[in-house]
Structure formats: structure tokens, C-alpha cells
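Spelled out from the first residue to the last, the chains are:
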Amino acid sequence: MFSEFFQFTFSGITLGAIYALVALGFTLIYNASHVINFAQGEFLMIGGMGTVVLVGADLPLPAAMVGALVLATVAGILLHRLAIAPARDADVVTLIIITIGASIFLRGLAQFFWGKEYHALPRFSATESLSIGGATLLTQSLWILGIAVVLVVALALFFGRSRLGKAILATSMNKDAARLAGIKTQVILGVAFGISALLGAAAGLIVTPITFTAYDVGIMLGLKGFVAAAIGGLGSSTGAVVGGLLLGLSEAYTAGYISSDYKDAVPFVIILAILFFLPNGLFGSRAAERV
Amino acid sequence: MGRPAPPEPGQAHKNKAPPGHTQIGVIMKTKLKTLAVGAVAALGLTSLSPVVKAEDPIRIGSFLSVTGPAAFLGDPELKTLELYVDQLNENGGLLGREVQLVHYDDSGDASKARTFVTRLLRQDKVDLIIGGSTTGATMAAVPVIEQARVPFISLAGAETISTPVKKWVFKMPQSDRQAARRVLTDMKERGLTHIGLISGTGGFGASGRNVTLEEAKAMGIEVVADETYNPKDTDVTAQLTRIRNTEGVQAVLNFDFGQGPAIVTKNYKQLGIELPFYQSHGVASDSFLKLAGDAANGLRLPATALLVADTIPDNDPQHGVVTGYKQAYEDRYNSSVSTFGGYAYDGFQLAVQAIKQAGSTDPAKVRDALENIQGYAGVTGTYHLSPEDHMGLSYDSFRILEVKDGHWALVE
């Protein structure tokens, strides 16, 4: 009985940790520009697929990981320079649509150059899983959770303490005022895209031992990550982690206790309920917008 | 997007037109009455060029999902068709005519498939169609093809394609019903009569679940646990825990394709479930073994003989064709063969055999010949086609394989 409950909980944590890590990637660009970057899932894919491809080119695993992270960061900066910056005067909705186009483009490139097959990466720890109370917990889930927590703290420090982080926040609050205060807003945005791509690629890399990776893996992960971010309140990193875990746990409990047929429906009901009563999400800022 | 169609035969002739036209012109001036003879001579002249033969080429049309989500089906299928069309042409073609492959990529989109099939029939005027990597693409094409009355060999698996029999439609792969029956037969032989079922909610998994439930009922096997998951799910331990905790469950079957079953297999191992584990024919490929790794050891699944081409006994009726196809494919493409490419191989060989028997490309004659092919030993199995059965394979064309140390092994 209890072992069953533990198992569902661990399943939920595994799923939730993945969603949380993906959700974190959305917060940074959202904070900088109020743009929801729908190409975030593709950064995940570049992290995972890039590593697989570089390992295939006989690079040792750590070097391949670093290579994939660099590749994704460059892709993020290029995405800003080539697609977002030229449309700097467009409104947010146009920019969001541009990111959707960019995601399709990146997916196409990956499909063409890296192929269409699914690939696996080895897990980080030697032991595969721990047995707790008759239930199995994957060590990789602990890695994912741990790294998610580290990232939350790092992002909080970055936005709260560093000049760059504050500049990003200032840019998001009022672009013109930030520019008047001497902030090069386009450079700041480029940096935000680069860091966000780095975060996404790191997430993609860490989840690959559990989820596998392929050119189109970013669609599902990106969508679930976005949902998690929306539950938590876009722009809040704590909210992203809580939203991810909530989503993962509700999926696992539904599959375990109700029926696997309703597994995908129940989380969406929860999302609707949360967004109905708390339109800004659980941790979203409730400050009224100045007109 | 579809690759551009090869030039029309008419165009090919036009390219060679200048010498031919002058010839006709000269003849017209001198002997008008022998114009017909002159025209033949002119045609003969153009045919001196090695590419263009005296007669129009035999045109085989094809629409496959070479890109998109079903690319793992369409890619080896197209490669196989190209390989054997080339080989046939090197050996003098078919009925003394060149064979031309006209191909479009439907990228797994049923409405595109329908458009391309219309184009194959109206514009390219193909003599026969081999294609339809997915059931969706196939079924979208069927009404157009039935209306145009051209023989069609489908490479997709669902039962609806060949049941009820459609006059012009044939199908190469076994249905999922045969796979289910093969697995359940093996379970019964091992004395496993209470099973757990876990299937994906995608088309393949859902259909597999239905036929498994039906066949199990017919064979006296009880499905005591019945769980599903979304094909894109990354963790199914909750569902597997439910199955494990169901009383009396003796074995577990996972019916799905793609990466889902690899995740199920890994989770199965992680949870330490000791019950005999079965997969469907949907993952009978080396890439599944690569994804699932160690976790796959000990599981069983139904598959065609192609997967164990290296170890298949010499006296097996499929031995020659299986090893031959594997070698030819791997020599040319430097990647390993898959069951799906095998369907294209069988489809093409059956088409060639039917056209040979018909002695022409007359659609009705080719169709009749196809329908009466008996005992063709192909890569997928030995086909016995008939007016009542346009698929022609029985459930025991599936072999039960077991994964041993990361390799497929034939279970005797």
C-alpha cells in the first residue's frame, strides 16, 4: 500500500523534475522581454542531440557535453541577432510568433543534419536506482532535482545581486527608461537569449538519460515545461519548480490511482482551475500594470 | 516535400528530338505513304541513345513517409525500392523495358498522401503503386486508387487495409492481430494464462490493445491488468506498479512502437519486475535494442526472420532471400536493414513477379496475377495470396525472438 504510494510519488518527482528544469528556461527570456520563447524546447534538443552527435564523433562524454552547451548558447545568441533583433520594434505577440518559426527551423536543421532516430545517453551515477520503502527512485531524478534547485538559487542571485541581472529586469520593466539609464537593451536581450539557451541545453542534457533524445523531443518537453511555468507564474523561478513538480505528481497520481487513460486530462483540469482563480499563476507577480 | 518527378517519357523523347524530326521531315518529302514506317525508324534512331529504350518505361509509383514522424518507416522503404529498381534495370529491366520509380514524400501526412497519389495516377500515369508507410496515408489513398483501378501494394500494417478485401489493394506486413496471436500462442505454450497489458494511446498501440483483448478472449487467456500511456510519456512506472500489484498476473505485454516501449522496458527493469516480458513487432529493430540497453535482456517479441538473418538455419525457406536482402542493403547504404525495408522488398518483388506473369502492365492482368501468387518466400514471410486474402501471411510467419546479451536470438 505504502510502497505503491511511494512509487507513484517517485514517478511524479521524476516527471516533475524534468518539467521543472524545462520551465526554468522559459523564465529568463520572459523576464527580459515578456516573450515566451517557444524555441526553448529546441535548445533542450540541441543539448541532448548535440552531446549524442559529438560523442558519436569520438569525443569523450564531458567534452561532448561542454561542446553541446557552447553550441546551444551560440544558437541562442544567433536566434536573437538574426530573428529577434531585426524585429525589435514589433510587439510581443509578433516576437512570440517569430520564436515559433525559429523552433520549426531549428528542428528542421537537426532533422536534416543529425537524423531522425532516437538516442540515449548514459546516466550520471553508477547506481541506476535506489530502493526506498519498497519503491524505486532513479538516481538521475535526484540529479535533475538537485540541479533544478541549484539553478533556482543561481537565478535568484543573478537577478537580485548582479548588475547584468538587474539590467535584464530593468529592460523588461521599461525598455525606454532602461535605455535612458545607459543600458544597451539589445545587448542585454542577446545575453538573456544566450543564457536561456545554455539553461535549456543543460536541462536537455540532464534529462536525456531518462527521456531519450531526438530532433523532435523539444515539442513535448517544451510544451510541458511551458505549462509548468504557467502554473507557477511566468517569470518566477520558484514557481517554475513548484509548477513542474505539481504537474508531474498529478500525472503520476492520476495514472496510479484513477486510470492511465485520464493521466493527461487531470493535469489540464488543474491548470484550468489554477489559472481561473489565479490568472498570474501560483507565484506570479500580482502588481497591477501601470497604464 | 516530394522530390521532383523524373521527366515524363514524352519529354525525354523531345530532348532527343532534333535528329528524329529532321529524319521525319526528309521522309515526309519523299514518301508520304510510308510516314508510319518513317516514324518508327525515327523512334528507332532516338533509341540509339542508351538511356531511352524503344518502349516507354514501366512506371512504378510510390508515396512514402521519408521525413516526419514516420521517417523510420519510409526511409528504409524508399532506399530498398531504389536499390532494387536500379538492380533490375542493370539486369535488363522488366519485360525488356526500363523500370522507373516515381516517388513522392508524404512526410506522414495523410492529406498529402492523397494529393500525391492523385498526381501519380493522373499526371505520372504510373502502372502500379507501392507505398503508404503509415495506415493513415494508405487509407487516404485507397478511395482514389480504387476509382482509378490501378494495383496498389501497401506497406502499412493495420487490418482495415485488407479486411474487408478491396479489389485493387494488397498489403505486405502482417496485421497486428497476427502479432498478438503469435505472442499469446507463445505465452500459452509457456503456461502463462493471466497477463497484464500496457499499450500506448497512439494509433498503433490502441489498435494493438484492441486485437490483443479480442484474441486473448478467443484463446482463453485472461487480461487481468490493462494500462495505457501517452506515446510521448517519459515515465510509466506508475502504470507498471499497478500491473505488478494486480493479483495473479503471470506475464506482461507492451504493445506499441517508437521510443515509448524503450521507456517501458527500462522502467520494467528499474522496478525489478521478474515476470516474463513481451514486446510487439512494433519495436523489432536494432535501434530499440540500442535505446533500451541492458534492460531489454530476456524480453521476447514476434518478428520477421530478417532480424535473425545471421543465425537463420540454412534449410529455412526464407534463408536465401533474407540473407541476400540484408547483404545487398547493407553493402549499399552502410546502415542495418529493418523490417520495414523488408516490406518494400517483398512488395517490389511481388509486383515484378505479377508483371512478369501478366506479360504486360495492363492493370487488370497485373492485379489478377498478384492475387494468385502462391508460396512466394519473401523477407517478411511466405505469401499465399488469394481473392479472399490480399495479405497472404499467417500468424506463424512471425518468429518469436528473445533478447540475449543485447542480441536477438531465435526461440525454438
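Residues numbered from 1 in each chain as written. Chains lettered and ligands numbered in written order. Predicted model: local features only at pLDDT ≥ 70, side-chain atom pairs only at ≥ 80, totals over all residues. Heavy atoms only, no water.

Turning our attention to the overall build of chain B. Looking only at helices and strands, one finds 14 helices and 14 strands in chain B. A separation threshold of at least 6 residues defines the contact pool for chain B, and within that pool the share at least 24 residues apart is 67%. Carbon and sulfur atoms form 53% of the exposed surface of chain B, whose accessible area is close to 16800 Å². (Helix = DSSP H or I, 4+ residues; strand = E, 2+ residues; numbered from the N terminus. Contact = heavy atoms within 4.5 Å. Areas by Shrake-Rupley, 256 points an atom, 1.4 Å probe, with all protein chains shown as cover.)

Consecutive residues of a regular strand have side chains that alternate between opposite faces of the sheet. Residue and element names in this part refer to chain A. Residue alternation in strand 2 (residues 135–138) divides its side chains into two sets, Ala135 and Leu137 and Thr136 and Leu138, and both sets are buried. In this structure, strand 1 (residues 129–132) lies alongside strand 2, joined through four bridges in antiparallel fashion. Paired with Leu130 across the bridge in strand 2 is Leu137. Hairpin remark: strand 1 followed by strand 2, antiparallel, with two residues in the connecting loop; positive phi at Gly133, about 55°. (Buried < 20%, exposed > 50% of the residue type's maximum accessible area, 1.4 Å probe, protein only. Pairing = 2+ DSSP bridges.)

What follows covers the packing of helix 6 (residues 163–173) of chain A against helix 8 (residues 185–211) of chain A. All names here are of chain A. Closest axis-to-axis distance for the helix 6/helix 8 pair is 10 Å, and the angle between their directions is 110°. As the angle between them shows, helix 6 and helix 8 are arranged roughly perpendicular. For the pair helix 6 and helix 8, the crossing hand works out as left-handed. Two secondary-structure elements touch here, helix 6 through Leu164, Ala167, Ile168 and Thr171 and helix 8 through Thr185, Ile188, Val191 and Ala192. Split into classes, the residues belonging to the contact of helix 6 with helix 8 amount to six nonpolar, two polar and no charged. (Axes fitted to C-alpha atoms, helices over the stretch in contact; angles between N-to-C directions. Parallel < 35°, antiparallel > 145°, perpendicular 65-115°, else oblique. Left-handed = near helix turned anticlockwise from the far one by under 90°. Nonpolar A, V, L, I, M, F, W, Y, C, P; charged D, E, K, R; others polar.)

With that out of the way, let us pick up the pattern of salt bridges. Residues and elements named next belong to chain B. Under the definition given, this model contains 20 salt bridges over all chains. Asp316 is paired through a salt bridge with Arg399; the nearest N and O atoms lie 3.2 Å apart. With Asp316 in the loop between strand 10 (300–303) and helix 12 (319–333) and Arg399 in strand 13 (residues 399–404), this pair connects stretches of sequence that are 83 residues apart. In terms of burial, Asp316 and Arg399 fall into one category: buried. In this structure, a network of salt bridges that share partners links the residues Glu159, Arg177, Arg181, Glu214 and Glu215. (Salt bridge = Lys/Arg side-chain N within 4 Å of Asp/Glu carboxyl O.)

This part covers the confidence of the model for chain B. For chain B, the mean per-residue pLDDT works out to 86, and 87% of the residues sit at or above 70. Throughout residues 1–53 of chain B the model reports pLDDT below 50, and contacts reaching past four residues in sequence, or to other chains, amount to 45 contacts. (pLDDT = per-residue confidence, 0-100.)

A word on the interface of chain A and chain B. Across the boundary between the two partners, chain A contributes 34 residues, which contact 28 residues of chain B. Joining chain A to chain B, the criterion identifies two salt bridges. If you look at where chain A meets chain B, you find 16 residue pairs in polar contact (both at pLDDT 80 or more). Residue assignment for the side of chain A that touches chain B shows that the elements contributing at least two residues are helix 1 (2–33), strand 2, helix 8 and helix 10 (237–258) of chain A. (Polar contact = N/O pair within 3.5 Å; in protein donor to acceptor, adjacent residues only side chain to side chain.)

Attention now moves to unusual backbone geometry. Each neighbour pair has its own omega, and for Thr163(B) with Pro164(B) the value is -5°, a cis peptide bond. Along the chain, Pro164(B) turns up in the loop between strand 4 (152–154) and strand 5 (169–171). With phi around 60°, His34(A) is a residue other than glycine that occupies positive phi space. On the secondary structure map, His34(A) appears in the loop between helix 1 and helix 2 (40–56). For His34(A), a relative accessible area of 35% translates into the label partly exposed. For Phe212(A), which is not glycine, the phi torsion reads 65° and is therefore positive. Mapped onto the secondary structure, Phe212(A) falls in the loop between helix 8 and helix 9 (217–232).

What follows is about helix 8 (residues 203–219) of chain B. Residue and element names in this part refer to chain B. With 17 residues, helix 8 should cover 24 Å at 1.5 Å per step; its first-to-last C-alpha distance of 24 Å lies within 8% of that length. All of the buried residues in helix 8 are Gly205, Gly208, Val211, Thr212, Glu215, Ala216 and Met219. The arc that holds every buried residue of helix 8, seen down its axis, measures 135°, which confines them to one face. Pointing more than 90 degrees away from the buried face of helix 8 are the exposed residues Gly203, Lys217 and Ala218. Considering only its buried residues, helix 8 is in contact with helix 7 (176–189), strand 6 (194–200), strand 7 (222–229) and strand 8 (251–255). Of the residues flanking the end of helix 8, it is Gly220, one or two places downstream, whose phi is positive at about 75°. (Expected span 1.5 Å × (residues − 1). Arc of directions from axis to C-beta.)

All names here are of chain B. One can read the domain layout of chain B as domain 1 (58–174 + 320–393) and domain 2 (177–310 + 398–410). Centre-to-centre, using C-alpha coordinates, domain 1 lies 29 Å away from domain 2. Here domain 1 meets domain 2 over a buried area of about 1300 Å², counting both sides, of which 62% is carbon and sulfur. For Glu159, the salt bridge goes to Arg177, with nearest N and O atoms at 2.6 Å. Viewed at the interface, domain 2 and domain 1 are joined by two residue pairs in polar contact (both at pLDDT 80 or more). Only helix 12 and helix 13 (339–358) provide two or more residues apiece to the side of domain 1 that touches domain 2. Ranked by the residues each element gives to the side of domain 1 that touches domain 2, the list is headed by helix 12, at four residues. Partitioned by chemical class, the residues of the side of domain 1 that touches domain 2 number eight nonpolar, seven polar and two charged. (Domains from an automatic or database assignment. Buried area = accessible area lost by both parts, 1.4 Å probe.)

Structurally, Gln111(A) can be placed in helix 4 (residues 92–114). Look past the residues within four positions of Gln111(A) in its chain and what remains in contact with it is Lys116(A), Tyr215(A), Thr67(B) and Gly68(B).

A separate point is the sheet that holds strand 4 of chain B. Residue and element names in this part refer to chain B. Strand order in this open sheet of five strands is 2-1-3-4-5, and the pairing throughout is parallel. A strand with exactly one partner marks an edge of an open sheet, and here the two such strands are strand 2 (99–105) and strand 5. For this sheet, the mean inter-axis angle between neighbouring strands, taken without regard to orientation, is 20°. Where strand 1 (residues 58–64) lies against strand 3 (residues 128–131), two bridges are found, and the strand directions are parallel. Among the inter-strand pairings, Gly61 is bridged to a residue of strand 3, identified as Ile129. Across the sheet, helix 4 (residues 71–90) touches strand 1, strand 2 and strand 3, and the angle it forms with strand 2 is around 165°. Lying over the sheet, helix 6 (residues 135–148) contacts strand 1, strand 3, strand 4 and strand 5, oriented at roughly 170° with respect to strand 4.

Residues and elements named next belong to chain B. Where burial is concerned, the two faces of strand 3 agree: the one with Leu128 and Ile130 and the one with Ile129 and Gly131 are both buried. As paired elements, strand 3 and strand 4 share three bridges and run parallel to each other. Bridge assignment links Ile129 to a residue of strand 4, and that residue is Phe152. What joins strand 3 to strand 4 is helix 6, and the crossover it makes is right-handed. (Right-handed = clockwise from strand over helix to strand, strands pointing away.)

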